Amino acid sequence: MRTDFILTGTPMSDDLRLAQVPIRKTVELVRMELPEEQARSLMERGVLPGCRMCPLRVSPSGDPVVLVDGTVLALRRELARCLCVKTTDPA
Amino acid sequence: MTPPTSSPPSPGAAAASPDASTHHPLVALVGPPNAGKTTFFNQLTGLRQKVANYPGVTVEKHLGQVDVEGTRVELLDLPGVNGFSGRSLDERVTMDALAGTIEGMRRPDAVVLIVDATRLETQLMLAEPVLEEGLPTLLVLNVIDEFEARNGHIDDEVLGEELGVEVVRTSARAGRGLDRVRAFLLETSRHPGWESPLGNSPAGSEATVTLPMIDVLSARRRRIRGALHGAGYTAPAMSGLTEKLDGIFLHRVAGPLIFLAVVLLVFQAIFTWAVPLMDGVEALIGLTGGWVAGALPQGLLRSLLVDGVWAGVGSVVVFLPQILILFFFLGILEDTGYMARAAVIADRSMERVGLQGRAFLPLLSAYACAVPAILAARTVENERDRLATIFVTPFMTCSARLPVYALLIAAFIPDRAVLGPFLGARALTLLGLYALGIAAAVGTAFLLRRTFLKGKGSDFLMELPPYRLPSMKSVLFRLWDRSWIFLKRAGTIIFTVTVVLWGLTQVPRIDGAPPTVRDSALGQAGQLIEPVIAPLGFDWRVGVGIVSSLAAREVIVGSLGTIYGVEDAGEDSFELQEALQGAVSTEAAVALLIFYVFALMCLSTTAVMKRETAGWKWPIFQFAYMLALAYGGAWVAYRLMLLGG
């Protein structure tokens, strides 16, 4: 399996990951470090580079619940670690 | 591309499809899950709808009729989908239905695309693939009242110009905006083959050049954003209610507790509250059976009708209340949005055994019946996850096992207290049988994911829709659907099985009279397998019961009644219980209970498995695996019982 498939952007190990973003802080997705097959269902739900993401809460199992462009998505934290994000300008 | 015409005089459409015998224009409803598509469909069609399966697959096809100013239009409710990648069965069916490539079905003349306005940015991702089908399309911004209440704003005329479609604002639940949808349907029927004046050709060349998915989808989203921006789109504020409720239902401590309470409530409802209703149905069947028996002369016809049809079909119809109650609760849980949260809470526990959160709903439904449960597993996107889920689904104690359990427990397990007055030996046995089923499911899923279905599952991903009050109308419509499907099953498979079984007890004729059970074809079949089942403590009579219940497990109750010559046998029949006590040892009875925990004796399940996996490999493997487990389990139980004395 091509786990090293980088979908877009330049990989940098010290990138901020969605899993590290504090609750209620809005960030922007820059890169998904996922094989295309795995990324596809995310992408179809609008999770694409450039989208705004905001962790709303942590589920009882410790997984993030995230607001993505107005839609609430629950995903596993392993997946959240593959999503590289950057803080948005406080505009 | 010109859509095929299907105006009344069109012979081409009529030849293409049995549906076309009605000659009415066909309009498809498409949309993401939870956008209110089904409420919409129900509002437009009322009770004039029917559920069928698409040829070759078991994705349910909801077809309804609407009359607009005297013109009839057929409405097709397609499954809710997020995209057109064709990975899930639902997606494949939607794509094929829109393209008109499903055998025996004609291509729709137009499409109504329904999206949830409160989540417009993501939901519109579906618009382009739908528009690319080139059919006249109406874009419906549903749940518009909530969108407006939360201060969302959009100029739908501009949006329509940007996307090249007509746009309508609706609130399906309140019935708002439906007139404009009807007008669209009327337009379609007046001008079949009518093309939108704006032309349905969004920018993009996905069909001709293969780009990486990310580029295609990013470009798609850019265009959607551009269109929304042009239309002065302001996203609605977050729903305060949803925020508050998620704070409770997804709370670290309260969340799992509420989850458990909900599951217990559903069980309580199926097993306790359903009982009086089931007793009522049973009484009704007994009463009508008595009338039929009284009205007919003694003879073959009466025997067939009363002993065969009434007893056989009746033994299944009895479960209708239970199934209705289960689907009532599931319907409410789904419509309110709680089910998505339950899946989130269940996800990590399911992951431990190789399944995922989306498997929770199918497995819960399986406590009523494995057939709808296997269908519900279609929402599990990853194929390996889905296969593992539907493979273990029949281990859940479905309602068809209950009469078998009830009869054997009542006959062989003494009614004494074990833990205080609340938990008796019988209740404990029943609980044990349920636990054994769960253990088998868990163990099997675990094994499968390490052998035949090795590999990474999909990542659990769940959209959490805003909480909404359930629409009683759509819950009731669903109950109507379910009961109809269930009764059809009782009326076909179970009817056939019981008539065949009854026939096998009537041949070979001895001097023109029916043979004794032992000499009948059915009795001989039992004797044939006696050597195989003797190590489990079963004799030929139990063998007859097992053989007779190959197609539907609950049939064994009636056939044991026939074998032991008990009239009007049911699981409450004391006569039958006494006869069994005399003929079967307690050890063998326990072995028989274990056998029915594991064995897959349900023709409907096997048929559904065949269709859902597109082949015989999985259903045959499943049947053989469960039979082996049943035989082994019964043998071990029998030996242990003998040792324990």
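Draft legend 1. Spotlight on the packing of aromatic side chains. Residues and elements named next belong to chain B. Scanning the model with the defined rule gives 16 aromatic pairs over all chains in all. Taken together, a centroid distance of 6.5 Å and an interplanar angle of 40 degrees make the contact between tryptophan 273 and phenylalanine 329 tilted. Of this pair, tryptophan 273 sits in helix H11 (residues 254-295) while phenylalanine 329 is found in helix H13 (residues 320-336), placing the two residues 56 residues apart along the sequence. The class for phenylalanine 329 is buried, based on a relative accessible area of 17%. Ring-pair connections join several aromatic residues into one group, and the members of that group are Phe391, Phe395, Phe452, Phe598, Trp618, Phe621 and Tyr625. The ring centre of phenylalanine 446 lies 3.8 Å from the NZ or CZ of arginine 450, which sits over that ring.

Draft legend 2. A look at the packing of helix H19 (residues 425-450) of chain B against helix H25 (residues 586-598) of chain B. Residues and elements named next belong to chain B. Where H19 meets H25, the axes come as close as 9 Å, and the angle between the chain directions of the two elements is 40 degrees. Relative to H25, H19 is oriented oblique. Both H19 and H25 take part in a crossing whose hand is right-handed. Where H19 approaches H25, its residues Thr429, Leu433, Leu436, Gly437 and Ala440 are matched on the opposing element by Leu593, Ile594, Val597 and Phe598. Here the contact of H19 with H25 is built from residues that sort into seven nonpolar, two polar and no charged.

Draft legend 3. Region of interest: the confidence of the model for chain B. Residue and element names in this part refer to chain B. Residues with a pLDDT of 70 or more make up 88% of chain B, whose mean pLDDT is 83. Throughout residues 196-208 the model reports pLDDT below 50, and contacts reaching past four residues in sequence, or to other chains, amount to 21 contacts. Two numbers describe this predicted complex: its pTM, 0.81, and its ipTM, 0.87.

Draft legend 4. Spotlight on the nonpolar core. In terms of nonpolar packing, the biggest core is built from 132 residues, with B:Leu355, B:Phe360, B:Leu464, B:Phe538, B:Leu580 and B:Tyr596 touching the most fellow members. Sort the elements by how many residues they give to this core and H25(B) lands first, with eleven residues. B:Leu355 has contacts with A:Arg76, B:Met350, B:Leu363, B:Asp385, B:Ala388, B:Thr389, B:Val392 and B:Ala445, leaving out every residue within four places of it along the chain. Counting 38 residues, the second largest nonpolar core, distinct from the first, contains B:Val93, B:Leu126, B:Ile144 and B:Val165.

Draft legend 5. Structural detail: the interface of chain B and chain A. The interface of chain B with chain A comprises 43 residues on the first partner and 41 residues on the second. Buried surface at the junction of chain B and chain A, summed over both partners, amounts to about 3700 Å²; 54% is from carbon and sulfur atoms. Of all residues in chain B, B:Ile214, B:Arg348 and B:Leu461 bury the most surface against chain A, accounting for 19% of the area lost on that side. Inspection of the region where chain B meets chain A yields eight salt bridges. Where B:Glu121 meets A:Arg52, a salt bridge forms, and the shortest distance between an N and an O atom there is 3.2 Å. Summed over the shared surface of chain B and chain A, the result is twelve residue pairs in polar contact (both at pLDDT 80 or more). Going through the elements one at a time, helix H4 (120-123), helix H9 (213-230), helix H10 (240-249), helix H14 (338-352) and strand S10 (461-463) of chain B are the ones with two or more residues in the side of chain B that touches chain A.

Rules used in this analysis
Residues numbered from 1 in each chain as written. Chains lettered and ligands numbered in written order. Predicted model: local features only at pLDDT ≥ 70, side-chain atom pairs only at ≥ 80, totals over all residues. Heavy atoms only, no water. Phe/Tyr/Trp six-rings, centres within 6.5 Å; stacked < 30°, edge-to-face > 60°. Helix = DSSP H or I, 4+ residues; strand = E, 2+ residues; numbered from the N terminus. Buried < 20%, exposed > 50% of the residue type's maximum accessible area, 1.4 Å probe, protein only. Lys NZ or Arg CZ within 6 Å of the ring centre and 35° of its normal. Axes fitted to C-alpha atoms, helices over the stretch in contact; angles between N-to-C directions. Parallel < 35°, antiparallel > 145°, perpendicular 65-115°, else oblique. Left-handed = near helix turned anticlockwise from the far one by under 90°. Contact = heavy atoms within 4.5 Å. Nonpolar A, V, L, I, M, F, W, Y, C, P; charged D, E, K, R; others polar. pLDDT = per-residue confidence, 0-100. Core = buried A, V, L, I, M, F, W, Y, C linked by side-chain atoms within 4.5 Å. Buried area = accessible area lost by both parts, 1.4 Å probe. Salt bridge = Lys/Arg side-chain N within 4 Å of Asp/Glu carboxyl O. Polar contact = N/O pair within 3.5 Å; in protein donor to acceptor, adjacent residues only side chain to side chain.

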